[in-house]
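Structural overview
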Protein chains: 2
Amino acid sequence: MSVAEPIAPPDTQPGAHLAPLSSSERLARLRLARSVNVGPRTYAYLLRRFGTAERALEALPSLADAGGKSDYVPCPLAGAEAEIEAGQAAGAVMILFGEAGYPPLLAEIDLPPPVLWVVGPAEILRRPAVAIVGARNASALGLRTARNLSRAIGEAGQVIVSGLARGVDAAAHEAALATGTVAVMAGGVDRIYPPEHGRLAASIGETGALISECPMGMEPTSRHFPRRNRLISGLARGVVLIEAATRSGSLITARFALDQGREAMACPGAPEDPRTGGCNQLIRDGAALIRNAEDVFEALSGPRTLALAEPGREFLFDDDSFGGDYDVADYDAGDFGAIDDFHGSDHAGAALADQILRLLGPQPVELDEIARQCGASPAEFSLAVLELDLAGRIDLPAGGLIVKADPPA
Amino acid sequence: MSVAEPIAPPDTQPGAHLAPLSSSERLARLRLARSVNVGPRTYAYLLRRFGTAERALEALPSLADAGGKSDYVPCPLAGAEAEIEAGQAAGAVMILFGEAGYPPLLAEIDLPPPVLWVVGPAEILRRPAVAIVGARNASALGLRTARNLSRAIGEAGQVIVSGLARGVDAAAHEAALATGTVAVMAGGVDRIYPPEHGRLAASIGETGALISECPMGMEPTSRHFPRRNRLISGLARGVVLIEAATRSGSLITARFALDQGREAMACPGAPEDPRTGGCNQLIRDGAALIRNAEDVFEALSGPRTLALAEPGREFLFDDDSFGGDYDVADYDAGDFGAIDDFHGSDHAGAALADQILRLLGPQPVELDEIARQCGASPAEFSLAVLELDLAGRIDLPAGGLIVKADPPA
């Protein structure tokens with residue numbers, strides 16, 4: 001089998017109706033997603049602008065050049081082929097955003113990951129799920145809460161999502177092995193972390209799934225954990241915190257849940273116990289207080305108890321065509337004008353790029369705000385931002401934000 | 001000194017402006033309050049109807065007779081004198097509802113106790129107070145929370161009210177000895193319970209107060225504790241629960257707090273810890289989650305976070321003239337018609353009494369509802385209810401309720 005032949009995604013579940021992508025387009029999309037400075041937002045924008053990943057790949061160098069980077073090279077074909085080969089070796093399947101097997105709740109978040117690797121029966125990703133996360137150094141009481149909650153929610157038919165970490169995460173996975181659990185990895189799905197959870201990960205992969213948006217073989221580092229947490233909440237209808245301290249990754253997961261319109265829930269703890277400070281804070285902020293599975297179901301069935309302040313509405317990089325019933329036909333180039341004429345922006349575009357950079361500081365600000373201050377048309381502004389992003393001069397965090405990129409080390 | 005000379009109440013605090021009661025009227029009010037079947041509601045009604053306790057005492061036998069009890073005898077003079085003598089011996093002062101020294105927040109509750117006995121500097125009862133109550137079998141963590149919270153609230157100038165029980169109560173009192181604490185007793189103020197808290201009670205009485213609505217010398221029994229809890233919440237701006245189980249006296253105190261329009265607050269605990277089930281339930285119901293003193297002050301400064309459903313408005317036994325700036329002049333008989341003509345209700349009244357009794361079952365119901373079903377005038381209905389109460393055939397729990405009395409054992 002050629003390594004250039006991507007593994008077919010699972011699309012046998014009921015309700016699957018999306019036209020499958022060709023093998024070459026799947027490979028091109030993987031290359032596009034893995035190209036330098038192509039984040040989820042730029043990936044989506046490029047696909048919409050050029051209709052296919054192959055055409056977007058061709059345009060990348062000139063776009064980056066317009067942004068100020070003349071030596072831009074997209075992810076080479078060999079790199080993508082090697083990743084697919086590694087995935088095959090690990091028994092993983094690749095699922096692209098827009099494919100029928102893509103987790104439906106994850107597809108609804110802002111900037112869904114373009115590429116997922118999954119070990120285990122990927123159908124589980126379409127079942128309703130609740131995330132349980134918490135302290136690595138959890139108390140015996142906290143671990144018991146995690147087990148009891150996970151078992152009861154699992155027996156009620158819901159999948160348990162967590163992060164394979166020590167403590168609460170592992171307890172939640174273990175108690176849901178029989179009913180189905182999904183572990184979201186901070187590195188590649190073939191890099192089990194922490195190493196002592198190898199057997200647990202293997203058990204999860206038998207009936208549930210290991211999942212990651214990272215390339216195969218990528219070692220997890222601390223900077224990956226927030227992205228991992230964003231996936232945990234994105235896969236679930238709600239997140240339950242157990243023994244989360246005031247500055248903890250679990251609390252970040254809850255924050256993502258709110259950003260994503262999911263329910264944030266927390267098990268309380270004694271005020272004098274620092275392990276539960278984040279949980280108590282979240283409950284004070286309005287999150288549902290969770291004592292047992294019934295409380296979780298009640299929180300998920302009612303109106304949301306806690307919501308973040310609405311971020312400023314974003315008219316740029318509008319991802320409407322990506323939500324819901326995505327179809328590759330939407331990407332016909334005809335919708336976007338004659339792309340053969342496209343060679344990056346002109347001199348006026350370069351001036352706009354300089355203007356944008358001058359408006360940016362070390363703190364992320366709203367794209368809309370910068371657009372207003374520039375006074376450029378949405379189309380001009382979007383293009384200039386895309387070019388700057390590809391050139392590595394800005395970053396585009398989730399939430400419609402823009403920030404100057406760190407200078408290269 | 002004659003034992004018939006009641007001890008003068010403290011009325012030296014700023015803002016005192018009420019005309020003092022005569023010694024004979026104070027003694028008569030004590031007799032009225034201690035007479036059989038005269039609860040707080042009937043006490044208030046009788047005082048308003050007859051202007052003075054002396055005249056009310058005279059009318060009691062004929063009223064009870066109209067209700068079906070022909071052998072009614074009010075509390076004898078000697079009984080009241082003996083109680084006052086016992087109070088003197090214990091170094092306690094008597095404070096009657098309506099007197100300047102009466103705790104202002106307690107005066108605002110539904111059916112405030114007519115008589116209070118206080119050991120210690122009673123001025124403390126006019127300072128703003130927070131109640132802290134909780135489990136007798138509290139954990140080390142719970143006791144620490146009680147101490148920390150009590151100390152910090154006390155140092156901020158608030159009095160700590162509690163119930164002198166083992167566990168959380170004792171810890172809260174102890175931590176507030178230096179700043180001021182009030183212990184509400186379930187029996188007479190001269191009956192320390194539990195006995196091992198004799199030294200703690202003595203310390204409290206030096207800078208704070210022991211307080212009770214029970215007659216001097218009365219031994220506390222389990223049926224007194226709910227009444228004690230009603231006083232704890234009534235004296236405070238809010239009640240903080242620490243380690244209260246789902247069916248606990250502390251939770252009853254919180255319920256009273258809500259009934260009385262006070263803030264109900266609770267320190268959370270781990271879901272698997274049965275000691276904190278009541279706290280977590282209360283927070284789920286909307287009570288403020290308390291981690292520290294700042295959270296308490298925030299809860300007390302804002303709008304109420306939790307309120308009970310409004311009970312049906314009550315047009316009977318209207319106690320308006322008792323609230324706020326009560327003055328003995330309000331009790332002039334002229335406001336209520338010629339009471340010399342009053343000798344209980346006539347035959348029509350007896351028929352109404354029978355009708356009321358037929359409408360009552362073992363569960364308390366709203367007075368208003370029974371009044372509507374009877375179709376009698378408010379004046380007729382109020383009188384019939386008063387007579388039935390004095391005759392011991394009904395009870396009138398707080399909240400505008402009426403219930404058939406248990407048959408005598």
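Here's a quick rundown of the structure. (Residues numbered from 1 in each chain as written. Chains lettered and ligands numbered in written order. Predicted model: local features only at pLDDT ≥ 70, side-chain atom pairs only at ≥ 80, totals over all residues. Heavy atoms only, no water.)

**Section: helix α2 (residues 40-50) of chain A**
Within an α-helix, residues lying three or four positions from one another point in the same direction, as the helix has 3.6 residues per turn. Residues and elements named next belong to chain A. Most of α2 is tucked away, with nine of its 11 residues classed as buried. Three or more residues of α2 are buried, namely Arg 41, Thr 42, Tyr 43, Ala 44, Tyr 45, Leu 46, Leu 47, Arg 48 and Phe 50. Buried-residue contacts for α2 involve α1 (23-34), α3 (53-67), α14 (367-374) and α15 (378-390). Immediately downstream of α2, the backbone of Gly 51 shows phi near 85°, a positive value. (Buried < 20%, exposed > 50% of the residue type's maximum accessible area, 1.4 Å probe, protein only. Helix = DSSP H or I, 4+ residues; strand = E, 2+ residues; numbered from the N terminus. Contact = heavy atoms within 4.5 Å.)

**As for the pairing of strand β6 (residues 209-212) of chain B**
Residues and elements named next belong to chain B. Across the two faces of β6 the burial is the same, with Ala 209 and Ile 211 and Leu 210 and Ser 212 all buried. Looking at chain direction, strand β2 (residues 115-119) and β6 are connected through three bridges and run antiparallel. In the sheet register, Val 119 faces β6, and the bridge partner there is Leu 210. Sheet topology places strand β5 (residues 181-184) next to β6; three bridges connect them, and they run parallel. (Pairing = 2+ DSSP bridges.)

**Section: the sheet that holds strand β12 (residues 401-404) of chain A**
Residues and elements named next belong to chain A. Pairing is antiparallel across the open sheet formed by three strands, whose spatial order is β10-β12-β11. Each edge of the open sheet is held by one strand with a lone partner, namely β10 (365-366) and β11 (394-395). The pairing of β10 with β12 spans two bridges and is classified as antiparallel. The residue bridging Glu 366 from the neighbouring strand is Leu 401, located in β12.

**Brief notes about the interface of chain A and chain B**
Facing the 20 residues of chain A at the interface are 20 residues of chain B. Across the chain A/chain B interface, buried area totals approximately 1900 Å², and carbon plus sulfur atoms make up 56% of it. On the chain A side of the interface with chain B, the three residues burying the most area are Glu 272, Arg 284 and Arg 291 of chain A, jointly 39% of the side's total. Where chain A meets chain B, there are four salt bridges. For Asp 295 of chain B, the salt bridge goes to Arg 284 of chain A, with nearest N and O atoms at 3.3 Å. Joining chain A to chain B, the criterion identifies 10 residue pairs in polar contact (both at pLDDT 80 or more). (Buried area = accessible area lost by both parts, 1.4 Å probe. Salt bridge = Lys/Arg side-chain N within 4 Å of Asp/Glu carboxyl O. Polar contact = N/O pair within 3.5 Å; in protein donor to acceptor, adjacent residues only side chain to side chain.)

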